[in-house]
Amino acid sequence: MTEKQMKRLTSHCDKYFLQQSVRVIHPIAMEDLHVDIILYIPAKLHPYWKLVTAGASDYKMPPDSNTIARRNEYIMLVDKDIDMADEDVLNWYCQKLWFVARYPYVNKTHITYGHSFEWQNEDDNDEMIGAYIELPQTFDYGILRHKGGLFTDIAFLLVVLLNKQDLDLLKKIGPQQFSEFLFPEDDN
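Rules behind the numbers
- Residues numbered from 1 in each chain as written.
- Predicted model: local features only at pLDDT ≥ 70, side-chain atom pairs only at ≥ 80, totals over all residues.
- Heavy atoms only, no water.
- Helix = DSSP H or I, 4+ residues; strand = E, 2+ residues; numbered from the N terminus.
- Rg over C-alpha atoms; globule rule 2.2 N^0.38 Å.
- Buried < 20%, exposed > 50% of the residue type's maximum accessible area, 1.4 Å probe, protein only.
- Core = buried A, V, L, I, M, F, W, Y, C linked by side-chain atoms within 4.5 Å.
- Contact = heavy atoms within 4.5 Å.
- 1 Å grid on protein atoms, 1.4 Å probe; cavity = no way out; pocket = protein on both sides within 12 Å on 5 of 7 lines; lining within 4 Å.
- Points joined across faces, edges and corners; volume = space filled by probe spheres on them.
- Nonpolar A, V, L, I, M, F, W, Y, C, P; charged D, E, K, R; others polar.
- Disulfide = S-S within 2.5 Å.
- Pairing = 2+ DSSP bridges.
- Salt bridge = Lys/Arg side-chain N within 4 Å of Asp/Glu carboxyl O.

J.: Which residues make up the overall build of the chain, and what are the values?
T.: In terms of helices and strands, the chain carries three helices and eight strands. What you see in the chain, going N to C, is helices and strands ordered as α-β-β-β-β-α-β-β-β-β-α. Compactness check: the chain gives a C-alpha radius of gyration of 16 Å against a globular reference of 16 Å for 188 residues, within 12% of the reference. Here the C-alpha coordinates of the chain stretch approximately 45 × 40 × 40 Å along the principal axes. Within the chain, buried positions represent 47% of all 188 residues.

In structure tokens form, the structure reads like this:
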């Protein structure tokens, strides 16, 4: 991702988050597909941490008829009470997001909303064993699509981390009902 593309991507996020980023986290030893993470602090309108990838869209995924775009960036929302000033905590979330962002590239596959996958953790105490890819329903839908350049459409998708119970529920009810479980239509 060029510096100009990074600025356009950050401006896109700033616009829909209604705030400016506070930090860019650079990966260590990621030579083939470099993915940075942009950090946004909790704000009044969106009271949670927002982590956004920048560089995942450098990989053009194989064609798929049921998709928004062939290039993705990913958003992860983290509870405002999580201490993201703790570098170990921040790194844990970044590692999960980097894994998701690199998944299509490493597996030479296409992922879009409604997809999910699971992984094996090295740490037995880590309960998050998978991710579900969702539309970014907590924001104005304009965030979903970004013009990264001429002929370069990018989809911004939400990453929802899953524990075993969540993954079992997803497998039982399917992606559409799981999406409705995450974002019920009823405001109550």
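J.: Break down the nonpolar core for me, with residues and values.
T.: Of all hydrophobic cores here, the largest spans 35 residues; its most connected members are Leu51, Tyr74, Met76, Met84, Val100, Leu157 and Val159. A per-element tally of this core places helix H2 (residues 87-107) first, with seven residues. What Val100 contacts, discounting residues up to four positions off in sequence, is Tyr74, Ile111, Phe117, Trp119, Ala131, Ile133 and Val159. By size, the runner-up hydrophobic cluster in this structure holds 22 residues, among which are Ile38, Val52, Ile154 and Leu158.

J.: Please set out the layout of surface pockets residue by residue, giving values where relevant.
T.: Of the pockets and cavities examined, the largest pocket occupies roughly 400 Å³. Along the wall of the largest pocket there are 20 residues; nearest its centre are Leu77, Met128, Val159, Val160 and Leu161. Those elements that provide at least two residues to the lining of the largest pocket are strand S4 (71-79), H2, strand S8 (152-162) and helix H3 (164-182). Looking at which element gives the most residues to the lining of the largest pocket, the answer is S8, with five residues. Residues belonging to the lining of the largest pocket are distributed by class as follows: 16 nonpolar, two polar and two charged. Contributing to the lining of the second largest pocket are Trp92, Gln95, Lys96, Phe99, Trp119, Gln120, Asn121, Glu122, Asp123 and Asp126. Of the residues that constitute the lining of the second largest pocket, the class distribution is three nonpolar, three polar and four charged.

J.: Help me get a handle on the state of the cysteines, residues and values and all.
T.: What is meant by a disulfide is a covalent connection between two cysteines, made through their sulfur atoms. As enumerated under the stated definition, the model contains zero disulfides in all. Summary of cysteine pairing: Cys13 is not part of a disulfide, and the nearest cysteine sulfur, belonging to Cys94, is at 15 Å. Owing to a relative accessible area of 1%, Cys94 belongs among the buried residues under this scheme.

J.: Describe empty space enclosed by the protein, naming the residues involved and giving the relevant values.
T.: Scanning the model with the defined rule gives one cavity of 30 Å³ or more in all. As for the largest cavity, its lining consists of Leu33, Ala56, Tyr59, Met61, Asn72, Tyr74, Ala101, Pro104 and Tyr105. At the level of elements, S4 and H2 are the ones that each hand at least two residues to the lining of the largest cavity. At three residues, H2 tops the list of elements feeding residues into the lining of the largest cavity.

J.: Would you mind going over the pairing of S4 in detail, with residue names and values included?
T.: Residues in a regular strand project their side chains so that they alternate between the two faces of the sheet. Judged by how many residues are buried, S4 sits mostly within the fold: seven of nine residues are covered. Inspection of the sheet shows S4 paired to S8 by six bridges, in the parallel sense. Paired with Met76 across the strands is Val159, a residue of S8.

J.: Before we move on, could you go through the pattern of salt bridges and cite the residues and values that matter?
T.: Taken as a whole and assessed by the stated rule, the structure comprises eight salt bridges. In this structure, the salt-bridge partner of Lys80 is Asp81, at a minimum N-O distance of 3.7 Å. Take Lys80: its relative accessible area is 45%, and that puts it in the partly exposed class. Given the relative accessible area of 61%, Asp81 is considered exposed. Of the charged contacts in the structure, one is a salt bridge between Lys164 and Asp168, with a shortest N-O distance of 3.0 Å. Here Lys164 pairs with Asp168, and both are found in helix H3, just four residues apart, close to one helical turn.

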